[in-house]
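Examination of the molecular architecture
What follows is each chain in one-letter form.
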Amino acid sequence: MDMIVGPILPLEEKNGKIAFAAVSMNSDHPKKMVVNAFIRRGCNVYSTIKGNTICHHYGDMPVRTGWSIVDHHSFETKVEDWEV
């Protein structure tokens with residue numbers, strides 16, 4: 001992951017990269033451990049966690065009817081068990 005996204009950074013530091021996870025409504029994804037890995041490397045992580053359709057807009061662009069605005073995921077102190 002370091003080779004693709006970058007090295008681990010202090011939690012408050014951002015690298016300007018964004019990770020999107022498109023997941024189905026009844027999914028247990030994105031896994032918290034994976035979200036944390038991206039956050040540790042300075043990314044903001046967003047997902048369609050509730051089956052919503054999301055739209056990224058910038059500045060004064062209007063919000064589209066029927067589309068949702070989402071907040072980025074937060075770092076989790078407790079994550080799933082790693083099952084091999």
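Please refer to the structure higher up on the page.
Residues numbered from 1 in each chain as written. Predicted model: local features only at pLDDT ≥ 70, side-chain atom pairs only at ≥ 80, totals over all residues. Heavy atoms only, no water.

Looking at empty space enclosed by the protein
If you walk through the whole model with that rule in mind, you get one cavity of 30 Å³ or more. As a volume, the largest cavity reaches approximately 40 Å³. What lines the largest cavity is Cys55, His57, Pro62, Val63, Arg64, Trp67, Ser68 and Ile69. (1 Å grid on protein atoms, 1.4 Å probe; cavity = no way out; pocket = protein on both sides within 12 Å on 5 of 7 lines; lining within 4 Å. Points joined across faces, edges and corners; volume = space filled by probe spheres on them.)

Describing the layout of surface pockets
For the largest pocket, the calculated volume is near 170 Å³. Lining the largest pocket, in full, are Ile18, Phe20, Tyr46, Ile54, Cys55, His56, His57, Ser68, Ile69 and Val70. Residue composition of the lining of the largest pocket, grouped by class: seven nonpolar, three polar and no charged. (Nonpolar A, V, L, I, M, F, W, Y, C, P; charged D, E, K, R; others polar.)

Some details on the pairing of strand β2 (residues 44-47)
Pairing of strand β1 (residues 18-21) with β2, which is carried by four bridges, proceeds in the parallel orientation. Each residue of the ladder has a partner; that of isoleucine 18, found in β2, is asparagine 44. For the crossover that starts at β1, traverses helix α1 (residues 32-40) and ends in the parallel β2, the hand is right-handed. (Pairing = 2+ DSSP bridges. Helix = DSSP H or I, 4+ residues; strand = E, 2+ residues; numbered from the N terminus. Right-handed = clockwise from strand over helix to strand, strands pointing away.)

Scope: geometric values only; no functional claims are made or implied.
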